[in-house]
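# Structural characterization, general
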Amino acid sequence: MKLRQKVIFLAIAPLIVALCAIALFVRQQASTLAQQQRATIQQAYLASKQAELQHYVELAEHSIAHLVDSGKTDAATQAEAMRILSKLSYGDDGYFFVYDMRGNSLMHPRQPELVGRNLWELRDAQGTPTIQRLIARAKAGGGLERYNWAKPSSGQQAPKLGYVIPIRAWGWMMGTGIYLDDVDAALAKVDAQQSANIAATMWWIAGLAILSAAVVAICGLALNISELRVADAKLKALAQRVVESQEHERARLSRDLHDGISQWLVSIKLQIEAGIVRLTGTGAAEQAARERFERTAEELNNVLGEVRRISHDLRPALLDDLGLAAALEHLAHEFSEHSGTPVAFTTSGATEELPGVVGTVLFRIAQEALTNIERHAGASHVEMSLRRDGRRLALSVRDDGSGFDPEGVAVHPQRGIGLRNMMERMDAIGGELDIESSMQGTRVRASVELTE
């Protein structure tokens, strides 16, 4: 996996994980809230039903109170009471029923086939004795009781909430009930709506996660394309600088060869030819020829020195043999002799064993700094130091010349090649280059953190 892909992955992965965690938390909280809401609705609904049942029973009790309170227990009075109760109904499934305390059905408007039958042993599908529980509730003073009973409108068994009271004067149990399947249907509707809301919320979060990931990926892709273009532009600029540096170095070598070695070799050639001619003359001519050859030998020595100087500029042997400090000291000595500007070189710390690339870069930095001093600074004194403090290695070159504008020169299209080369060399080894310049002089400081 490439670095750009890793960056995009590291940007998207935490986002997806965070959204998933949020989704799970929202789902959990929504489920908990839905359960609490269902319980609240169920409790409120049942409470309203219980109050409704109690009011129905109280109404029925008041409708036959004049007959019960009359003290009559004859069949006609009880039949009148059951006739009144049978007329009291509320909907297809809302009715009153009457049993005696032995479980005999005395009145059942919706299921007349049960009248006259003893239902004491009647049990529901779970084996619970229905009539026995209702009579027990009535004997205890009355109240609510849950049981299963056939719903008249559908003929199917359904949960029912009943409310019964005793009529002690006649030994009756009177009551009514409300079927709870509509309550269960309402609660099921609430559950379905809440589940749909939770699912919609999850889909919204999933869509947001996909959209966010897509936005991050697109932004990352756009950033990569932009960075790639910038990197390509920088690479082209760097390649152009390399070409310019190569051409600059070739031009310098050409000047050195043409202005120095070439002229000396021509002079030596002419002197040798003149000496050869004079060898065939008199004694005085031979003496002149000897002097000419001696000057020729001196010129050859100068040529050899120039060749050594050019070779040293290209790659000093001291840098490989004795290390950076010795190469810099030799460079300072040669610069002092060549330019006439004294260079004071100092060193401190363990600078003997250094990575080869670090030594080469710092040597080139010093070379370039001294070249710029000779060409542009007009300095009368130069100080150069190499110091190592722990793993930090620093090279400093200071002069008392006229100074310049480092920022302006660095960005100039036709100038500042040397400065850009110095900066790029330091960037290549992870070092830092700091240039300070004023009318009092210039200081070039190159520092790098060694890994060993």
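Residues numbered from 1 in each chain as written. Predicted model: local features only at pLDDT ≥ 70, side-chain atom pairs only at ≥ 80, totals over all residues. Heavy atoms only, no water.

### Observations concerning the overall build of the chain
Each helix and strand in the chain was counted, giving 11 helices and 10 strands. Sequence-distant contacts in the chain: of pairs separated by 6 or more residues, those separated by 24 or more amount to 59%. A total accessible area of about 26400 Å² is found for the chain, and carbon and sulfur atoms account for 57% of it. (Helix = DSSP H or I, 4+ residues; strand = E, 2+ residues; numbered from the N terminus. Contact = heavy atoms within 4.5 Å. Areas by Shrake-Rupley, 256 points an atom, 1.4 Å probe, with all protein chains shown as cover.)

### Some thoughts on the nonpolar core
Counting 36 residues, the largest nonpolar core has Leu328, Leu362, Met384 and Leu386 as its most contacted members. Among the elements of the structure, α8 (324–339), β6 (343–348), α9 (356–377), β7 (382–389), β8 (392–399), α11 (417–428) and β10 (441–449) are those that each provide at least two residues to this core. Tallying contributions element by element places α9 first for this core, with 10 residues. Not counting residues up to four positions away in its chain, the partners in contact with Leu362 are Leu324, Leu386, Leu393, Leu395, Met426 and Ala446. Ranked by size, the runner-up nonpolar core spans 24 residues in total, among them Phe96, Tyr163, Ile167 and Leu187. (Core = buried A, V, L, I, M, F, W, Y, C linked by side-chain atoms within 4.5 Å. Buried < 20%, exposed > 50% of the residue type's maximum accessible area, 1.4 Å probe, protein only.)

### Some words on the pattern of salt bridges
Applying the stated criterion across every chain, the model contains 10 salt bridges. Residue Asp100 is joined to Arg102 by a salt bridge in which the shortest nitrogen-to-oxygen separation is 3.7 Å. Look at Asp100 and you get buried, because its relative accessible area is 9%. When the shortest N-O distance is used, the salt bridge between Asp181 and Lys151 registers 2.7 Å. Taken as a pair, Asp181 in helix α5 (residues 181–279) and Lys151 in the loop between β3 (143–150) and β4 (157–167) lie far apart in primary sequence, 30 residues in all. The class for Lys151 is buried, based on a relative accessible area of 14%. Overlapping salt bridges, with partners in common, bring together Asp93, Lys151 and Asp181 in one network. (Salt bridge = Lys/Arg side-chain N within 4 Å of Asp/Glu carboxyl O.)

### Description of the sheet that holds β6
Judged by pairing direction, the sheet is mixed, and its five strands sit side by side in the order β6-β7-β8-β10-β9 without closing on themselves. Of all the strands in the sheet, just β6 and β9 (432–438) have a single pairing partner and so form its edges. Across the sheet, the axes of successive neighbouring strands diverge by a mean angle of 10 degrees, strand direction being ignored. Relative to β8, β7 runs antiparallel, the two being bridged by eight bridges. By the bridge assignment for β8, Met384 is matched with Val397. Of the strands in this sheet, β6, β7 and β8 touch α8, which is tilted by about 170 degrees from β6. (Pairing = 2+ DSSP bridges. Axes fitted to C-alpha atoms, helices over the stretch in contact; angles between N-to-C directions.)

### What about the packing of aromatic side chains?
Tallied over the entire structure, the rule returns five aromatic pairs. Aromatic side chains Tyr90 and Phe96 sit 6.3 Å apart centroid to centroid with 80 degrees between the ring planes, which places their arrangement in the edge-to-face category. Judged by relative accessible area, which is 3%, Phe96 ranks as buried. An aromatic cluster of at least three residues, connected via ring pairs, comprises Tyr56, Tyr90 and Phe96. (Phe/Tyr/Trp six-rings, centres within 6.5 Å; stacked < 30°, edge-to-face > 60°.)

### Some details on the pairing of β3
Both β3 and β4 contribute to a ladder of eight bridges, which runs antiparallel. Of the residues in β4, the one forming a bridge with Leu144 is Tyr163. The antiparallel pairing of β3 with β4 creates a hairpin that spans six residues between the two strands, and Gly155 there sits at a positive phi of about 75 degrees.

### Quick notes on the UniProt feature "transmembrane region" (unreviewed entry) in the chain
In the numbering used here, UniProt assigns the feature "transmembrane region" (unreviewed entry) to residues 202–225. The distance from the first to the last C-alpha atom of residues 202–225 is 34 Å, and the span holds 100% helix and 0% strand. (UniProt positions renumbered as here; feature names shortened; annotations may be inferred.)

### So, the environment of Glu407
Assignment of secondary structure puts Glu407 in helix α10 (residues 406–410). The class for Glu407 is exposed, based on a relative accessible area of 66%. Expressed as a C-alpha distance, the spacing of Glu407 and Leu419, which sit 12 residues apart in the sequence, is 9.8 Å.

### Quick look at the environment of Phe363
With respect to the helices and strands, the residue Phe363 is situated in helix α9. With a relative accessible area of 1%, Phe363 lands in the buried category.

### Overview of the environment of Met422
Its place among the elements puts Met422 in helix α11. As a C-alpha pair, Met422 and Leu433 span 11 residues in sequence and 7.7 Å in three-dimensional space. In this structure, Met422 is in contact with Ile365, Glu368, Asn372, Leu433 and Val444, ignoring residues within four places of it in sequence.

### Remarks on α8
Residue pairs spaced three or four apart in an α-helix point in one direction, given the helix's 3.6 residues per turn. Spanning 16 residues, α8 covers 22 Å between terminal C-alpha atoms, matching the ideal 22 Å at 1.5 Å per step. If you check which residues of α8 are buried, you get Leu324, Ala325, Ala327, Leu328, Leu331, Ala332 and Phe335. Along the axis of α8, the buried residues cluster in a sector spanning 160 degrees; they form a single face. Just beyond α8, the residue with positive phi is Gly340, at close to 80 degrees. (Expected span 1.5 Å × (residues − 1). Arc of directions from axis to C-beta.)

### Structural notes on the sheet that holds β3
The strand order across the open sheet formed by five strands is β2-β1-β5-β4-β3, and the pairing between neighbours is antiparallel. In this open sheet, the two edge strands, each paired with only one partner strand, are β2 (105–107) and β3. Across this sheet, the average inter-strand angle for adjacent strands is 35 degrees, counted without regard to direction. Two strands pair when backbone bridges link them, and β4 and strand β5 (residues 172–179) are joined in this way by eight bridges, in the antiparallel orientation. Looking at the pairing, Tyr163 lines up with Thr176 of β5. Sheet strands touched by helix α4 (residues 130–139): β1 (96–100), β3, β4 and β5. Its angle to β3, the strand with the most contacts, is close to 165 degrees.

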